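# Secondary and tertiary structure notes
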Amino acid sequence: MKNSFADRLFLSLIYALLILMAFVMLYPFWNSIVISFNAGSDTTLGGITFWPRQFTLENYSVVFQDKRLMTGFLISVLRTVIGTVLSIVCTAVFAYGMSKKQLMGRKWYMILCIVTMYFSGGLIPSFLINRELGLMDSFWVMIVPNIISVWNMIIFRTFFLELPEGLEESAKIDGCGHWGTFFKIVVPISGPVIATLSLFSAVWHWNDWFTASIYITSEHFLPIQTLLQQILSSNIMSEQMMQTNAAARSHMSQLQSVTTKSLTMSTMLVATIPILLVYPFLQKYFTKGVMIGSIKE
Amino acid sequence: MKKSISSAPLAGNRHSFWVRFAKQLDLQLMVIPAMILILMFSYLPMYGVLMAFQDYDIFKGFLHSPWVGLKHFRTFFEAPEFWTVMRNTFVISVLRLLIGFPAPILLALILNEVIHLRFKRIIQTVSYLPHFLSWVIVSGFVASMLATDNGSLNMLLQKLHLIGEPVNFLSIPGYFWAILIGTGVWKEIGFSAIVYLAAIAGINPEIYEAASMDGANRLKKMWYITLPGISGVITIFMILAVGDILSAGFEDILLLAKNPVLQDVSDVIDTYVYRVGIRNSLFSYAAAVGLFKSGISVILLTAANMMARKLGRSLW
């Protein structure tokens, strides 16, 4: 196939555009990494772009020694692991039950599920109900309300419905009940769908800052994303004060040494590391997941 | 399960219902606990929405708070914030439809033209990445890029002599919509393009060959074959996006519009509910505003879904 002049021009334009886009995507990461390795007092002088001017590891050592941040990191890990495992196991069992044609009331259960995809009580009633259920200021508020995902149930169910029936027949002959069949036969061959939905769930748990910000007041339960959100807010606030009030400026500049921009950046990157670590898997399974969600109906 | 055809008396039927139920108890136990959780965390709040017609009192609870009818709805419609909130919701949603919606389609179209597969894969890998970051991190990036203190954008503009003094972009209302929409595109463009790329992959390659024979160049093929080839998918996503027009954003707005100066341009229905409900504890009033939104949304979404269904696809 010969490339005409118009085609070559068109292609170069496209390549240039894509390279520009990739740069815009990556630059904020790179710049943040650079700032996080630059001495905090030096960053304030400005001009840090592609390379650190005063290289230091101190920002990271401060973050890793900060008890509050490390507790937050641990809480994030705990809620992600517990939340994901509970949610995937319970939702998969639920979906397996829902995939059985002999399940009595199957139609009614399904209608009850689908209604929740259209209607919800909204933020305020949910907030007050969770509060009356005693979930205020509890670690479990980040886990229990999100155990069952109707959306994931439907994806699991579609997958289970497509399994060949013969598979389960043999288990039944061996005397397995539904639970036995599920854990011995169905789970081992459902690897891809379990992996995909687990990743969805884990990323959601890791990134969720909002739940903790409205339900949890005591600091030792706050996940790192919520802590980070508070740090970023207070930074913006202090920047405003510095601009509006010259008298506050000298006062603030002393406080500023607590969370310099460099320190904030290193905190942000520490909170992002887990995502970057699983990113290769994410890429592989998420693209599949999107297809499950949108094409398979 | 098929009902037994035998003409057993009614009592016998009822009896057999429980017998059958007991027989499949292990199966029921897979479903019932999950249904209880759904009732607790989805249906109880739906019932709790009734508080929009009450003067909810924390100490009296849902059952004993006094009923006040439509008072809170009236207050909202007459509140000075009503028009600001509605305007922002619509403007931001429409901007998202005009800019945020076509952006991933454009990306999919031009990615499809790339001949070097390795290059294509690298670009895709890079473009998905922001999707997996939390809004907290993304808002931190935005704040850092736009900061007056060592913000890269200000440094660039100063180098180009476009501005003298650094501009504090995140505290000037005029810039907010652009920042919000731009950040949204940055975060989601790559990931949203996946569906369109998949649709493009489904186009019959023979059509392209035929067009090449007729001497069509790449741009023409993109315009006359690829784009029409995915128009079905585009239409469906468009309908669903229109159905969701009252959700103009939540986390992104909360995190990007921290400066109270921005409230006039950043307050949308969802963030308003959060502010008056959670921050100011006006529970019943906020629930009424939320109910107003979900009432209209349900109608829009159902209509959108019915239209999408007619075109061959649905939400579930």
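Residues numbered from 1 in each chain as written. Chains lettered and ligands numbered in written order. Predicted model: local features only at pLDDT ≥ 70, side-chain atom pairs only at ≥ 80, totals over all residues. Heavy atoms only, no water.

## Section: the overall build of chain A
Inclusion rule: Numbering of helices and strands starts at the N terminus; helices are DSSP runs of H or I of at least 4 residues and strands are runs of E of at least 2. For each residue, the accessible area found with a 1.4 Å probe, counting protein chains only, is set against the maximum for its type, and the residue is called buried under 20%, exposed over 50%, and partly exposed in between. In this analysis, two residues are considered to be in contact whenever any of their non-hydrogen atoms come within 4.5 Å of each other. The Shrake-Rupley method, run with a 1.4 Å probe, gives the accessible areas here. Residue values count only the displayed protein chains as cover.
Per the secondary structure count, chain A includes 14 helices and 0 strands. Split into buried and exposed, the 297 residues of chain A put 50% on the buried side. Here the contacts in chain A between residues at least 6 apart in sequence split such that 69% fall between residues at least 24 apart. Total accessible area on chain A stands at roughly 14200 Å², and carbon and sulfur atoms take up 69% of it.

## Quick look at the overall build of chain B
To keep it simple, the criterion reads: Atoms counted for the radius of gyration: C-alpha only. Globule rule: 2.2 Å times residue count to the power 0.38. Charged-residue counts in this description rest on Lys and Arg as positive and Asp and Glu as negative, His and the chain ends being excluded. Charge positions come from single atoms, namely NZ of Lys, CZ of Arg, CG of Asp or CD of Glu.
Assigned secondary structure in chain B consists of 17 helices and 0 strands. Relative to the 2.2 N^0.38 estimate, which gives 20 Å for 316 residues, the radius of gyration of chain B is 27 Å and therefore markedly larger than a compact globule would have. Here the C-alpha coordinates of chain B stretch approximately 85 × 60 × 35 Å along the principal axes. By residue count, 48% of the 316 residues in chain B fall in the buried class. On chain B, roughly 15800 Å² of surface is accessible, and the fraction owed to carbon and sulfur atoms is 68%. Here chain B contributes 25 positively and 18 negatively charged side chains, and the mean placements of these two sets differ by 10 Å.

## Thoughts on the interface of chain A and chain B
Worth spelling out the cut-off: Here the quantity called buried area is the total loss of accessible area, with a 1.4 Å probe, experienced by two parts when brought into contact, counted for both. Any Lys or Arg side-chain nitrogen located within 4 Å of an Asp or Glu carboxyl oxygen qualifies as a salt bridge.
Contacts between the two partners involve 101 residues from chain A, matched on the other side by 95 residues from chain B. Of the roughly 9000 Å² buried between chain A and chain B on both sides combined, carbon and sulfur atoms contribute 76%. The largest contributions to the chain A side of the interface with chain B come from Met25, Met104 and Tyr118 of chain A, which together make up 9% of the buried area. Connecting chain A to chain B are 0 salt bridges.

## Here we look at the environment of Trp206 of chain A
Residue and element names in this part refer to chain A. Note the following rule: A 3.5 Å cut-off defines polar contacts: any pair of N or O atoms within that distance qualifies, except that in protein one atom must be a possible hydrogen donor and the other a possible acceptor, and neighbouring residues in sequence count only when both atoms are side-chain atoms.
Residue position: Trp206 is located in helix H10 (residues 191–207). For Trp206 and Pro188, which are 18 residues apart along the polypeptide, the C-alpha to C-alpha distance reads 26 Å. When neighbours within four sequence positions are excluded, Trp206 is seen to be in contact with Phe73, Ser76, Val77, Thr80, Ile224, Gln225, Ala271, Pro274 and Ile275. One polar contact links the side chain of Trp206 to the main-chain carbonyl oxygen of Ala271, over a distance of 2.8 Å.

## Description of the confidence of the model for chain B
All names here are of chain B. Which entries qualify depends on this criterion: Residue-level confidence of the predictor, termed pLDDT, takes values from 0 up to 100.
Confidence in the prediction for chain B averages 88 pLDDT; 94% of positions are at 70 or higher. Across residues 1–9, where pLDDT falls below 50, the model places 3 contacts with residues more than four positions away in sequence or in other chains. Both scores are given for the predicted complex: the pTM is 0.88, the ipTM 0.88.

## Considerations on unusual backbone geometry
Leave glycine aside and you will find that most residues have negative phi; peptide bonds, for their part, are mostly trans. The backbone phi angle of Asp137 of chain A is positive, close to 55°, even though this residue is not glycine. One can find Asp137 of chain A in the loop between helix H6 (123–132) and helix H7 (150–161). Although it is not a glycine, Ser281 of chain B adopts a positive phi angle of roughly 55°. Relative to the assigned elements, Ser281 of chain B resides in the loop between helix H16 (269–279) and helix H17 (283–310).

## Here we look at helix H7 (residues 117–128) of chain B
Note on helix geometry: an α-helix contains 3.6 residues per turn, so any two residues three or four positions apart are oriented the same way. Heads up, the rule is: Given a helix with a known number of residues, its expected span is that number minus one, times 1.5 Å.
Counted at 1.5 Å a residue, the expected span for H7 of chain B with its 12 residues is 16 Å, and the 17 Å between its end C-alpha atoms agrees. Within H7 of chain B, burial applies to Phe119, Lys120, Ile123, Gln124, Val126, Ser127 and Tyr128 of chain B.

## Examining the pattern of salt bridges
One pass over the full model with this rule turns up 9 salt bridges over all chains. Arg68 of chain A is paired through a salt bridge with Glu219 of chain A; the nearest N and O atoms lie 3.4 Å apart. Pair noted here: Arg68 of chain A is in helix H4 (residues 67–99) and Glu219 of chain A is in the loop between helix H11 (210–215) and helix H12 (224–244), with a separation of 151 residues, a long-range link. When its relative accessible area of 34% is taken as the criterion, Arg68 of chain A is described as partly exposed. Residue Glu219 of chain A is classed as partly exposed on the basis of its relative accessible area of 41%. Asp270 of chain B is the salt-bridge partner of Lys293 of chain B, the closest N and O atoms lying 3.1 Å from each other. Pair noted here: Lys293 of chain B is in helix H17 and Asp270 of chain B is in helix H16, with a separation of 23 residues, a long-range link. Both residues of the pair, Lys293 of chain B and Asp270 of chain B, belong to the buried class.

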